[in-house]
Amino acid sequence: MNITSQMSHALVVFVSAIFTQNILLSYFLGLCPFIGVSREVKTSFGLGLAVIFVMTSTCLLNWVAYQVVLEPLGLHFFRFIMFIIIIAAFVQFVEMVIERYSPSLYQRLGIFLPLITVNCAILGASLFMVIRDYSFVATVGYGLGSGIGWFLAIMAMAGIRQRLTNERIPRGLQGPGITLIIAGLMALAFIGFTGVLQGN
Amino acid sequence: MIREKPWFAVAYMFLVTVFFSSIVIGLTQLTRERVEANERLAFERAVLSVLPDIRIEEMTRPKIHNMFVETIEEPNESSRNAYVARRHGQAAAYVLPISGQGFWAPIKGVIGIETDRRTITGVAFYEQKETPGLGAEITKAPFRNQFEGKVIWPHGDPIEIKRPGETLGENEVHAVTGATQTSNRLEIIINKALERWRDQSAGEGGGDQ
Amino acid sequence: MRPIGAENRKLIAEGLWQSNPVFKQVLGICSTLAVTNLVLNTVVMCVALIFTLSLSAFTVAVLRTLTPRNIRMMVETLIIAFYVIIVDILLKAYWPEMSSSLGPYVGLIITNCIIMGRCEACANANPSGKALLDGLFNALGYSFVLLIVAGLRELFGMGTFLGLTVPYFSGPYWDKWIIMVMPPGAFFVLAIVVWVFRSIQTAKENKAK
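Note that the structure is a prediction, hence the values are computed from the model and not measured.

What counts and how
- Residues numbered from 1 in each chain as written.
- Chains lettered and ligands numbered in written order.
- Predicted model: local features only at pLDDT ≥ 70, side-chain atom pairs only at ≥ 80, totals over all residues.
- Helix = DSSP H or I, 4+ residues; strand = E, 2+ residues; numbered from the N terminus.
- Buried ≥ 20, exposed ≤ 12 C-beta atoms within 10 Å, placed from the backbone.
- Contact = placed C-beta atoms within 7 Å.
- Rg over C-alpha atoms; globule rule 2.2 N^0.38 Å.
- Nonpolar A, V, L, I, M, F, W, Y, C, P; charged D, E, K, R; others polar.
- Pairing = 2+ DSSP bridges.
- Axes fitted to C-alpha atoms, helices over the stretch in contact; angles between N-to-C directions.
- pLDDT = per-residue confidence, 0-100.
- Core = buried A, V, L, I, M, F, W, Y, C linked by C-beta atoms within 7 Å.
- Parallel < 35°, antiparallel > 145°, perpendicular 65-115°, else oblique.
- Left-handed = near helix turned anticlockwise from the far one by under 90°.

### Section: the overall build of chain B
Part 1 of the reasoning: Along the backbone of chain B there are four helices and seven strands.
Part 2 of the reasoning: Listing every helix and strand of chain B by position from the N terminus yields α-α-β-β-β-β-β-α-β-β-α.
Part 3 of the reasoning: Overall, the C-alpha framework of chain B stretches about 80 × 40 × 35 Å when taken along its three principal axes.
Part 4 of the reasoning: Counting across all 209 residues of chain B, residues that qualify as buried make up 33%.
Part 5 of the reasoning: Considering only residue pairs separated by 6 or more positions, chain B has 49% of its internal contacts joining residues 24 or more positions apart.

### Concerning the overall build of chain A
Part 1 of the reasoning: The helix and strand inventory of chain A stands at nine helices and zero strands.
Part 2 of the reasoning: N-terminal to C-terminal, the α/β element order of chain A is α-α-α-α-α-α-α-α-α.
Part 3 of the reasoning: Whereas a compact globule of 200 residues would reach a radius of gyration of roughly 16 Å, chain A reaches 18 Å, a difference of no more than 12%.
Part 4 of the reasoning: For the C-alpha atoms alone, the extent of chain A along its principal axes is close to 60 × 45 × 30 Å.
Part 5 of the reasoning: Within chain A, the fraction of its 200 residues that count as buried is 46%.
Part 6 of the reasoning: In chain A, the proportion of contacts linking residues at least 24 apart, taken out of those at least 6 apart, comes to 81%.

### Looking at the environment of Pro96(C)
Part 1 of the reasoning: One can find Pro96(C) in helix H5 (residues 96–102).
Part 2 of the reasoning: Non-local contacts of Pro96(C), meaning those with residues more than four positions away in its chain, are made with Asn38(B) and Ala42(B).

### Focus: the interface of chain B and chain C
Part 1 of the reasoning: Taken together, the contact pairs 27 residues of chain B with 27 residues of chain C.
Part 2 of the reasoning: Sorting elements by how many residues they give to the side of chain B that touches chain C places helix H1 (residues 6–49) of chain B first, with 15 residues.
Part 3 of the reasoning: When its residues are assigned to classes, the side of chain B that touches chain C shows 15 nonpolar, eight polar and four charged.

### Things to note about the interface of chain A and chain C
Part 1 of the reasoning: Contact with chain A, which involves 30 residues of that partner, is made by 32 residues of chain C.
Part 2 of the reasoning: When contributions to the side of chain A that touches chain C are tallied by element, the ones reaching two or more residues are helix H2 (31–37), helix H4 (79–101), helix H7 (120–131) and helix H9 (176–191) of chain A.
Part 3 of the reasoning: Broken down by element, the side of chain A that touches chain C gets its largest block of residues, eight residues, from H9(A).
Part 4 of the reasoning: Its residues assigned to classes, the side of chain A that touches chain C comprises 23 nonpolar, six polar and one charged.

### Concerning the sheet that holds strand E5 (residues 120–127) of chain B
All names here are of chain B.
Part 1 of the reasoning: The strand order E1-E2-E3-E4-E5 describes an open sheet built from five strands, whose pairing is antiparallel. The open sheet has two edge strands, strand E1 (72–73) and E5, and neither has a second partner.
Part 2 of the reasoning: The pairing of E1 with strand E2 (residues 83–87) spans two bridges and is antiparallel. Bridged to isoleucine 72 within E2 is alanine 85.
Part 3 of the reasoning: Contacting E1, E2, strand E3 (90–101), strand E4 (106–114) and E5, H1 runs over the sheet at an angle of about 165 degrees to E5.

### Considering the confidence of the model for chain A
Part 1 of the reasoning: Residues of chain A with pLDDT of at least 70 account for 94%, and the chain-wide mean is 84.
Part 2 of the reasoning: The least confident element of chain A is helix H6 (residues 112–117) of chain A, whose mean pLDDT is 72; the most confident is helix H8 (residues 136–163) of chain A, at 93.

### Digging into the nonpolar core
For soluble globular proteins, nonpolar side chains are generally found buried alongside one another.
Part 1 of the reasoning: In this structure, Ala57(C), Ala81(C) and Leu190(C) are the most contacted members of the largest nonpolar core, which totals 129 residues.
Part 2 of the reasoning: A total of 13 residues in this core trace back to one element, the largest contributor, which is helix H8 (residues 128–158) of chain C.
Part 3 of the reasoning: For Ala57(C), the contacting residues outside a window of four places in its chain are Arg118(C), Cys119(C), Cys122(C), Ala123(C), Ala131(C), Leu132(C), Asp134(C) and Gly135(C).
Part 4 of the reasoning: If you look at the next biggest cluster of nonpolar residues, it comprises 44 residues, including Ala46(B), Phe125(B), Val176(B) and Val181(C).

### Some thoughts on the environment of Thr182(B)
All names here are of chain B.
Part 1 of the reasoning: As for its placement among the helices and strands, threonine 182 is situated in helix H4 (residues 180–202).
Part 2 of the reasoning: Separated by 119 residues in the primary sequence, threonine 182 and lysine 63 place their C-alpha atoms 32 Å from one another.
Part 3 of the reasoning: Not counting residues within four places of it along the chain, the set of residues in contact with threonine 182 comprises Gly102, Phe103, Glu130, Leu134, Gly135, Ile138 and Val176.

### Description of the packing of helix H3 (residues 41–73) of chain A against H4(A)
A packed helix pair is summarised by two numbers, namely the angle formed by the two axes and the spacing between the axes.
Residues and elements named next belong to chain A.
Part 1 of the reasoning: Direction vectors running N to C along H3 and H4 enclose 135 degrees, while the axes themselves pass 10 Å from each other. With respect to their mutual orientation, H3 and H4 come out oblique. Crossing hand, H3 versus H4: right-handed. In this structure, H3 uses Val54, Ser57, Thr58, Leu61, Asn62, Ala65, Tyr66 and Leu70 to contact H4, whose residues at the interface are Arg79, Met82, Phe83, Ile86, Ile87, Phe90 and Val91.
Part 2 of the reasoning: Among the residues making up the contact of H3 with H4, the classes are represented as 11 nonpolar, three polar and one charged.

Here's what the structure looks like:
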């Protein structure tokens, strides 16, 4: 595959990762923080940005690790362990850097960074990247697109929930219940994007 | 305390990783043959199931393997990368492998073609990880049976997968309801393989030994 | 054997009902929600989760005095990954069709928030027996709720239960609700199940007051 067809493939992957194959609404990944944190737009914004950054970076790091270490040695089944370690180490590293260079940002992010380590979407994205055998450029598109897709979903959810704060919701539905229903409606809406792209 | 020495963390991590990894590696080795046998059998079963007059459900594992060995010939030049099913020495059908990206993971299957090189005898899948009840329905009889008797179109898309409810032409089948993504991808997978097969066939005259 | 002490009984009640992972804490649903469109697949996933959660909690508790604090999350992840890989290998070798159906989700049990959650909250600071019980009953609490979700989805969406056709729902008078088989259906059914259980829980608490 020459570089231009690689780039156009990457672009298709990028767009579909946001809309037609949204990692949260189509693949169910990253639900826990999605339901737990999406109450406020501000917090969701911060978490969403952090997810974009971590997802893109770890997808790339894991691509390198897979191509350079695991593939040549034939240790495919190690990918679970290796990817998780890379993700955990990367998040730990980012946390240390932020703490050192921007204590105010560190304060604001608070619990988010460790929360991201267990975000199944991060590991899931890397696993899919391997299964689909993406090139380096496509991995960039995929990691970035998946992160942005997740970000969009949580922002939309937070926006909707903030509007609902003064509505009367039945006691049993408050919190996760209504969030799941909204998620269902969003998933339904996103299915409408399916016909937009063909072939990646 | 030894726990707090800096080198301990690294050594501990290393030891724990080695310990658990060796168990995993050991187990993988132990089951390796079985896993490969399963995969081989799935492939052989798929190939045989697209041939006409074969009742695959009634056959045991050894029977499937034996029949495969007896009937199926490896791909060669004249069959253009398709397996050849032989009966009494004559080519009875071609079996073309198809593979590509599904919604979740790669889909691998085979498509059976008659000796006239345009009529399809059937389609079967031996590897897929699509959503059960949705995309995975492509492995079930109602979807697969549609392909019997369909014809590879001589130009443009060899096969088209249409929305459920639309009237079908000679080279068209219905998609699985609710599984648009898988159906779209499957169409691409099938057509990529069939197009190559069809265009290579067109380069030469008909008939082969 | 000592009779189940009051402390352990409390643990069991917590895991199954009071702090039920699904309807009370709403944790760890990502890995299983996708497969809840078929009861059989959900059963297998839940068994995998029970196995993984109980044994991981047990192992983490056994190693808790040795593990340095600053790498404890990586070690926990390693242990969880170990048990999940074992499940994956066993499925691939002895039940390949199910392994295909479950696809990538078995691997994703590793990031299931409940397992990590219980390891951090309980297994790190408790004796191994207690951690095992805690893990086991949290997993059982998780399973029974998801099985209800799966039962509803398979029944309304495909008219079957555990693959067996159910009289009214697969007949001509019931139009299958395809949405039940697709992602939005999962969200809606889970929302309703959460609603029902939480309402029951609140009613019980009010009565107890």
